[in-house]
Amino acid sequence: MAIPAPEKIEEILAPALSRIGLDIEAVKVVRAGAKSQVVVSVDGETRPDLDGLEEATRVVSEELDAAEAAGAANFGAQGYTLEVSTPGIDAPLVKPRHWRRNLGRLVQVSLADGTTLPGRIGALSEPEDAVIIVSSAGPKGRPRATGQVLRLADIARAVVQVEFSTPPAVEMEFVGLTFDDALNRLEDDK
């Protein structure tokens, strides 16, 4: 039996990781001769710290060992090397939970029509099919925050940007609004 495909490994691990509040973001299998590497990327509503990653590693290891013992997986005579981590800063925002978990972060959005839009991640709509991207402009010392509603289906790619300065207070206040309140504010600004 060959080393399980990433999809099979995800199927084995998802229920146990869900019980500890984590989602699988990616599974990668690197076949490297006699000993392969299994890389599992996890995240949660609260990003796991080192203790959380240690617990996730224990859970993943136990689940993979149990699957192998039950004959549901085979990692070969030499076994495998396991790596459990969180997604990097360059991981694209693909699912609604990625937008929700990165509320307030600076993002570079590429739309399906080819345009790009920098901004800050605001509220996600209730059906999780649209997000408000917040930006600010205006005279120094008196910037004004505004937002733009983007349908997630219209976004080709979005990546969180590294930010070294303190976000503008007007943007963070806008980010703190619910989706409906932000929409009302956008309507009032017209």
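Scroll up for the structure.
Presented here is an overview of the structure given in this document. (Residues numbered from 1 in each chain as written. Predicted model: local features only at pLDDT ≥ 70, side-chain atom pairs only at ≥ 80, totals over all residues. Heavy atoms only, no water.)

**Things to note about the pattern of salt bridges**
Rules: Salt bridge, as used here: a side-chain nitrogen of Lys or Arg that lies within 4 Å of a carboxyl oxygen of Asp or Glu. A helix here means a DSSP run of H or I that spans at least four residues, while a strand means a run of E at least two residues long, and both kinds are numbered starting from the N terminus. Per-residue accessibility, obtained with a 1.4 Å probe over protein chains only, is compared with the maximum for each type, and a residue is labelled buried under 20%, exposed over 50%, and partly exposed between these values.
Across all of its chains, the model carries 15 salt bridges by this definition. For Arg101, the salt bridge goes to Glu25, with nearest N and O atoms at 3.4 Å. Of this pair, Arg101 sits in helix H3 (residues 96-101) while Glu25 sits in strand S1 (residues 23-30), and the two are 76 residues apart along the sequence. Judged by its relative accessible area of 18%, Arg101 is buried. Ionic pairing is found between Arg100 and Glu45, a salt bridge with its closest N-O pair at 3.0 Å. Residue Arg100 is located in helix H3, and its partner Glu45 is located in the loop between strand S2 (36-43) and helix H2 (50-69); the two are separated by 55 residues in the primary sequence. For Glu45, a relative accessible area of 49% corresponds to the partly exposed category. The structure contains a network of salt bridges with shared partners spanning Asp23, Glu25, Glu45, Arg97, Arg100, Arg101 and Glu128.

**Considerations on the packing of helix H1 (residues 6-19) against H2**
Rule in force here: Helix axes are fitted to C-alpha atoms over the stretch in contact, other axes to C-alpha atoms as well, and angles between N-to-C directions run from 0 to 180 degrees. Small angles under 35 degrees read as roughly parallel and large ones over 145 as roughly antiparallel, with 65 to 115 read as roughly perpendicular and the rest as oblique. Crossing handedness follows the turn of the near helix against the far one: under a right angle anticlockwise gives a left-handed crossing, and clockwise gives a right-handed one. Note on definitions: a residue-residue contact is assigned when non-hydrogen atoms from the two residues lie within 4.5 Å.
At their nearest, the axes of H1 and H2 sit 9 Å apart, and the two run at 135° to each other. Considering the angle they form, H1 stands oblique to H2. Here H1 runs over H2; the crossing is right-handed. Between H1 and H2, the residues in contact are Ile9, Ile12, Leu13, Ala16, Leu17 and Arg19 and Ala56, Val59, Val60, Glu63, Leu64 and Ala67, respectively.

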